[in-house]
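Chain by chain, the residues run as shown.
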Amino acid sequence: MSIELNALNSIDESERRGRPRGLFWPWFAANVSVLGVSYGSFLLGFGISFWQATIVGILGIVVSFLFCGFISLAGKRGSAPTLTLSRAAFGVHGNKVPSIISWLLTVGWETVLVALAVLATTTVFKELGGAGGTVTEVITLIVVVVLVIGGGVFGFHVIMRLQVIITIATAVLTIVYIALVANQIDFTKLAELPSGDLPKLIGGFVFMMTGFGLGWVQAAADYSRYLPRTSSSGGVVGWTTFGASLAPVILLVFGLMLAGSSQKLSAAIGADPIGALTTILPAWFLIPFAVVAVLGLIGGAVLDIYSSGIALLSAGVRIPRPVAALIDGGIMIAGAIYIVFFAPDFISPFQAFLITLGVPIAAWCGVFLADLTLRRRNYSDRDLFDSRGRYGSWNWLAIALLVLGTAVGWGLVTNPYGLSWLNWQGYLLGPFGLGGTKGIWGGANLGVLVALAIGYVGVVLFGRGRVRWQEALPDDERVADGASPIGGTRATDASQTDARA
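Treat the numbers as computed from the prediction; the structure is a model and nothing was measured. The numbering scheme is per chain: residues are counted from 1 as the chain's sequence reads. Given that the model is predicted, a residue must reach a pLDDT of at least 70 before its local features are reported, and side-chain atom pairs must reach 80 or more before they are shown or counted; all residues, however, enter totals for whole chains, interfaces and linings. The basis for every side-chain value is the complete set of non-hydrogen atoms in the structure, without hydrogens or water.

## Concerning the overall build of the protein chain
Keep this limit in mind: Under the DSSP-based scheme used, a helix requires at least four consecutive residues in state H or I and a strand at least two consecutive residues in state E, with every element numbered from the N terminus. Here, residues are in contact when the closest pair of their heavy atoms is within 4.5 Å. Note on areas: these come from Shrake-Rupley sampling with a 1.4 Å probe, and a residue is covered only by the protein chains present in the view.
Within the protein chain, the regular secondary structure consists of 18 helices and two strands. Pairs at least 24 apart in sequence give 85% of the contacts found in the protein chain among residues at least 6 apart. Surface accessibility of the protein chain: about 18200 Å² in total, with carbon and sulfur atoms responsible for 69%.

Put into structure tokens, the structure is as follows:
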């Protein structure tokens, strides 16, 4: 129960232990939430058939978590958090730009999950005949927040133990839930769902990517960094992808069956994604359902608040990691209060949040994956914290690709969610001949895929020389005065980042 003091620093050799199969527990626990059932309704909302939704949904989940698997390799090779290793691609100081974006994403996700836990619990009390009003919401919010912030403050080792408990409890209760409501499935109605065209399929695929793996890529190495560097690379990728994908795939397919069988249920999910699922349960299982729902959401929120604290430190805020988790917890509380007490519905701000931040995260993911692909050697622990080292201070190529990918990507996604402050999106759909924001390609969210491609292809084509130059340097050599890495610049100061809290 000791508080973890490791933050941005590389993990000492004496602390590296475990096997790749241990990655199954945190990834499964973080994604076993019954929110996965609600994604069935979200996905059918794109206007596609049951079988189309099943295919694009599974592909979106597995492909996006495969990205997490590859990025987890960087954790094994560098023994540091994802956003520390990202300095190799963006430069020691240049990496503050994607760190800020990552912080926004993880804080947003933890806020969403806490709000959902409150909404679900309140609905359960209403179904049981209780008040289910403001008092219930406030009490639930306090309990959930204490558990989430507590896990974020104590850190890695407590989280890993907590996730094993959450995994077992939620897996068992979720199986019982599926058995109890399976009689609600109407295969005749499922077969009658009309098929959608290619733009709708792509839109559904992208939405699933942003809702699952792309929401975790910037934190994927955080949980593999404690593994010995001799661990199996295939095991790291495989156990991360399998652990993260297994529950969402099962829950999604079942959610598609439920939502496709009842238009009323599907509509209710848009307002209260988890609470709506209680309306088809027998009364005696409502309390166990509330437990599984809240535990699953807490499992994801704990990982998010842990990684958001690391992202805040990586952005340049010089405070201990536990304090960063507390700050993020305060922001999380404010956001959850807005969603629970003031937002007209859940699905509109949720989808807008996923797509809007999904674009820059996809661009960052492309840059990071390409940089990782090009590297043949492990990261230099020392140079990740020295702006005069081989990785330099700013890599303007990576920054430019991040900005370009985001600018083009936002121009190719739309805001059909009724949020007026996002109406500027989609500005390239007309000039690119895709029919404008109201055309058939308006809802395809092509911008996420384009941003990913720009980041990856740009580094592969133009960043190879920089990586080769870095890896040719001897381990004990610094960048000479006046010299700069290909595609980057060095700082004029010799400051060493304070990496350990």
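## Considerations on the packing of aromatic side chains
Put simply, the test is: Think of it this way: a Phe, Tyr or Trp ring, Trp meaning its six-membered ring, pairs with another when their centres are within 6.5 Å, and the plane angle makes it stacked under 30 degrees, edge-to-face over 60, tilted otherwise. Working definition: with a 1.4 Å probe on protein chains only, accessible area under 20% of the residue-type maximum means buried, over 50% means exposed, and in between means partly exposed.
All told, the structure shown has 19 aromatic pairs when counted by the stated rule. Ring plane angle 40° and centroid distance 5.8 Å describe the contact between Y39 and F207, whose orientation is recorded as tilted. Taken as a pair, Y39 in helix α2 (residues 35-44) and F207 in helix α10 (residues 198-211) lie far apart in primary sequence, 168 residues in all. In this structure Y39 comes out as buried when scored by relative accessible area, which is 1%. Between the aromatic rings of F50 and W51, the centroid separation amounts to 5.0 Å while the plane-to-plane angle is 70°, which identifies the pairing as edge-to-face. With a relative accessible area of 6%, F50 lands in the buried category. Residue classification places W51 among the exposed residues on the basis of a relative accessible area of 62%. Put simply, the rings of Y39, F42, F46, F65, F207 and F212 pair up and form one aromatic cluster.

## Some remarks on the pattern of salt bridges
To keep things clear, this is the line we draw: One side-chain nitrogen of Lys or Arg within 4 Å of one carboxyl oxygen of Asp or Glu is enough to make a salt bridge.
Applying the stated criterion to the full structure yields five salt bridges. With its nearest N and O atoms 2.6 Å apart, the salt bridge here joins R390 to D383. Of the two residues, R390 and D383, both sit in the buried class. A network of salt bridges, in which partner residues are shared, links R382, D383 and R390.

## A closer look at the environment of W410
For the record, the criterion: Think of a polar contact as two N or O atoms within 3.5 Å of one another; within protein, one of them needs to be a possible hydrogen donor and the other a possible acceptor, and neighboring residues in sequence only count if both atoms come from side chains.
Tracing the chain through its elements places W410 in helix α16 (residues 396-410). Residue classification places W410 among the partly exposed positions, given a relative accessible area of 23%. Linking W410 and I355, residues 55 residues apart in sequence, is a C-alpha distance of 8.9 Å. Here W410 is in contact with T356, V359, P360, W424, Q425, G426 and Y427, once residues within four sequence places are set aside. Side-chain polar atoms of W410 contact the backbone oxygen of T356, separated by 2.8 Å.

## Examining the side chain of S49
Tracing the backbone through its elements, the reader meets S49 in the loop between α2 and α3 (50-78). The buried category is assigned to S49, whose relative accessible area is 8%. Leaving out residues up to four positions away in the same chain, S49 has contacts with L44, L193, P194, S195 and G196.

## Some words on the packing of α16 against helix α17 (residues 446-462)
The cut-off we apply is this: Note on geometry: axes are lines fitted to C-alpha atoms, helical ones only across the stretch in contact, with angles between N-to-C directions running from 0 to 180 degrees. In this scheme, roughly parallel covers angles under 35 degrees and roughly antiparallel covers those over 145, while 65 to 115 is roughly perpendicular and the rest are oblique. Note: crossing handedness is left-handed where the near helix turns anticlockwise from the far helix by less than a right angle, and right-handed where it turns clockwise. For this scheme, ten residues count as nonpolar: Ala, Val, Leu, Ile, Met, Phe, Trp, Tyr, Cys and Pro. Four count as charged, namely Asp, Glu, Lys and Arg, and the remainder, Gly too, count as polar.
Axis separation between α16 and α17 bottoms out at 8 Å; the angle between their running directions is 155°. Judged by the angle between their axes, α16 and α17 are roughly antiparallel. The handedness of the crossing between α16 and α17 comes out as right-handed. Contact residues: α16 offers L397, L401, L404, G405, V408 and G409, while α17 offers G447, V450, A451, I454, G455, G458, V459 and F462. Among the residues forming the contact of α16 with α17, the class breakdown is nine nonpolar, five polar and no charged.

## A short note on unusual backbone geometry
You will see that S79, though not glycine, has its phi angle at about 55°, which is positive. Looking at the secondary structure, you find S79 in the loop between α3 and α4 (82-85). We note that N445 has phi near 55°; this positive angle belongs to a residue other than glycine. Examined against the element boundaries, N445 turns out to sit in the loop between α16 and α17.

## So, the side chain of Q470
Residue position: Q470 is located in helix α18 (residues 464-472). Residue classification places Q470 among the buried residues on the basis of a relative accessible area of 0%. If we ignore the near neighbours within four places in the chain, the residues touching Q470 are A88, R375, R390 and Y391.

## Comments concerning empty space enclosed by the protein
Here the idea is plain: a probe the size of a water molecule rolls over the atoms and shows the empty space left. Stated formally: The rule is simple: put a 1 Å grid over the protein atoms alone, call a set of points where a 1.4 Å probe fits but cannot get out a cavity, call an open set with protein on both sides within 12 Å along at least five of seven lines a pocket, and count a residue as lining if it has an atom within 4 Å of a point. Grid points are joined across faces, edges and corners, and a volume is the space filled by probe spheres set on the points.
Going through the model one piece at a time under the given rule, you end up with three cavities of 30 Å³ or more. Taken as a whole, the largest cavity holds about 190 Å³ of empty space. What lines the largest cavity is a set of 16 residues, among which A30, N31, L35, W109 and L113 lie closest to the centre. Broken down by secondary-structure element, the contributors of at least two residues to the lining of the largest cavity are α1 (24-31), α2, α6 (96-127) and α13 (286-314). The element contributing the most residues to the lining of the largest cavity is α13, with four residues. Class assignment for the residues of the lining of the largest cavity results in nine nonpolar, six polar and one charged. Taken as a whole, the second largest cavity holds about 60 Å³ of empty space. Lining of the second largest cavity is provided by A89, V367, D371, N395, L397, A398, V459, G463, R466 and V467. Per-class residue counts for the lining of the second largest cavity are six nonpolar, two polar and two charged.

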